[in-house]
Amino acid sequence: MSSEPTRRPLVAILSGAGISTDSGIPDYRGPQGLWRRDPEAEKLVTYDAYMSDPEIRRRSWLLRRDSPARHARPNGAHEAVTRLERSGVPVRVLTQNVDGLHQMAGMPPRKVLELHGTARAVQCTGCGARSDMTEALARVEAGEPDPPCLECGGILKSATVMFGQALDPVVLGEAIAVAKACEIFIAVGTSLQVNPAAALAGLAVEHGARLIIVNAEPTPYDPLAAELIREPIGSALPALLDTLGATGP
Ligand code: ZN
């Protein structure tokens, strides 16, 4: 690998809910997230409940329709990640978020690994067909409270990983490879209390990466970090990444 002298070191950026709060998206999923604090709400994103109860599905569609994430725009932190990538530094984003804001900010989709899937698409639980969330929500608006798959009539759900569902093994495998290969691993806006995010940070350090944590609250991985940044992500991340882009890792 080191036989390519021009190869620039890889920067992995693991992003959690904290990078999107400036875009108006609350933390639903984390240990202190809305879903965990409200068992009724958690059912809406729990696979077995969703599959077995049409009422849960009807409420889930309404939740998706009314979600603030639907019209959210990327913020300065997402834009800073894209700037770093465009400066020529090899960047891979591993994200716990399902909001699609990294791609909307201009990151090439193949460089963004969505560990928990995406809320921008729907997937059929029967035949696996995928389509746009926008189309499905248009059907909800038009009076289908639980729109079935147009291909096979199966149950549709957002293309996110619900509680009780396994992560996509291909995405996870790629994320592990990135964690092992990167020179710098930046964990931003994540509590590093939920796997696989936490495990990925540990794996990166084990394989020699420099760990930088940008998070307001302490995380279990703080003792392993080369640098801890507690300042607000909206200003701290652009400052950090613009420096990396200018000087190289
Ligand atoms: Zn189908």
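Scroll up to find the structure this text is about.
Scope of this entry: the structure provided in the associated data block. Values in this document were obtained by computation on a predicted structure and should not be read as measured data.

Side note on the packing of aromatic side chains
Part 1: Within this structure, the stated rule accounts for zero aromatic pairs.
Part 2: Lying across the ring of Trp-61, Arg-64 places its NZ or CZ 4.3 Å from the centre.

Remarks on helix H10 (residues 233-247)
Part 1: The end-to-end C-alpha distance of H10 is 21 Å, a good match for the 21 Å that 15 residues give at a rise of 1.5 Å each.
Part 2: Residues of H10 that are buried include every one of Ile-233, Ala-236, Leu-237, Pro-238, Leu-240, Leu-241, Leu-244 and Gly-245, and no others.
Part 3: Against the buried residues of H10 lie strand E1 (11-15), helix H5 (76-86), strand E7 (184-188), strand E8 (210-214) and strand E9 (227-229).

A look at the nonpolar core
Part 1: Counting residues in hydrophobic clusters, the biggest one holds 25 residues, and the most contacted among them are Leu-14, Leu-94 and Phe-185.
Part 2: Among the secondary structure elements, those contributing two or more residues to this core are E1, helix H8 (169-181), E7, helix H9 (197-206) and E8.
Part 3: Per element, the largest residue contribution to this core is six residues, and it comes from H9.
Part 4: Filtering out sequence-adjacent residues up to four positions away, Phe-185 remains in contact with Ala-12, Leu-14, Leu-94, Ala-179, Leu-200, Ala-201, Ala-204, Ala-209, Arg-210, Leu-211 and Ile-212.
Part 5: Counting residues in hydrophobic clusters, the runner-up holds 24 residues, among them Ile-13, Ile-19, Ala-80 and Val-93.

Quick notes on the pairing of E8
Part 1: In terms of residue burial, E8 counts as a mostly covered element, since four of its five residues are buried.
Part 2: One ladder, built from five bridges, connects E7 with E8; its direction is parallel. The residue of E8 that forms the bridge with Val-188 is Val-214.
Part 3: As a crossover connection, the stretch from E7 through H9 into E8 is right-handed.
Part 4: Of the pairings in the sheet, the one linking E8 to E9 comprises three bridges and is parallel in character. Each residue of the ladder has a partner; that of Ile-213, found in E9, is Leu-228.

As for the layout of surface pockets
Part 1: Reported here for the second largest pocket is a volume of approximately 380 Å³.
Part 2: Residue composition of the lining of the second largest pocket, by class: nine nonpolar, seven polar and four charged.
Part 3: Taken domain by domain, the lining of the second largest pocket gets at least three of its residues from each of domain 1 (1-25 + 74-116 + 166-249) and domain 2 (28-66 + 118-160).

Here we look at empty space enclosed by the protein
Part 1: One pass over the full model with this rule turns up one cavity of 30 Å³ or more.
Part 2: By volume, the largest cavity is sized at about 30 Å³.
Part 3: Every residue along the wall of the largest cavity is listed here: Thr-95, Asn-97, Asp-99, Gly-100, Leu-101, His-102, Gln-103, Val-112 and Glu-114.
Part 4: Broken down by secondary-structure element, the contributors of at least two residues to the lining of the largest cavity are helix H6 (101-104) and strand E3 (112-114).
Part 5: For the lining of the largest cavity, the element with the highest residue contribution is H6, accounting for three residues.

Cut-offs applied
Residues numbered from 1 in each chain as written. Predicted model: local features only at pLDDT ≥ 70, side-chain atom pairs only at ≥ 80, totals over all residues. Heavy atoms only, no water. Phe/Tyr/Trp six-rings, centres within 6.5 Å; stacked < 30°, edge-to-face > 60°. Lys NZ or Arg CZ within 6 Å of the ring centre and 35° of its normal. Helix = DSSP H or I, 4+ residues; strand = E, 2+ residues; numbered from the N terminus. Expected span 1.5 Å × (residues − 1). Buried < 20%, exposed > 50% of the residue type's maximum accessible area, 1.4 Å probe, protein only. Contact = heavy atoms within 4.5 Å. Core = buried A, V, L, I, M, F, W, Y, C linked by side-chain atoms within 4.5 Å. Pairing = 2+ DSSP bridges. Right-handed = clockwise from strand over helix to strand, strands pointing away. 1 Å grid on protein atoms, 1.4 Å probe; cavity = no way out; pocket = protein on both sides within 12 Å on 5 of 7 lines; lining within 4 Å. Points joined across faces, edges and corners; volume = space filled by probe spheres on them. Nonpolar A, V, L, I, M, F, W, Y, C, P; charged D, E, K, R; others polar. Domains from an automatic or database assignment.

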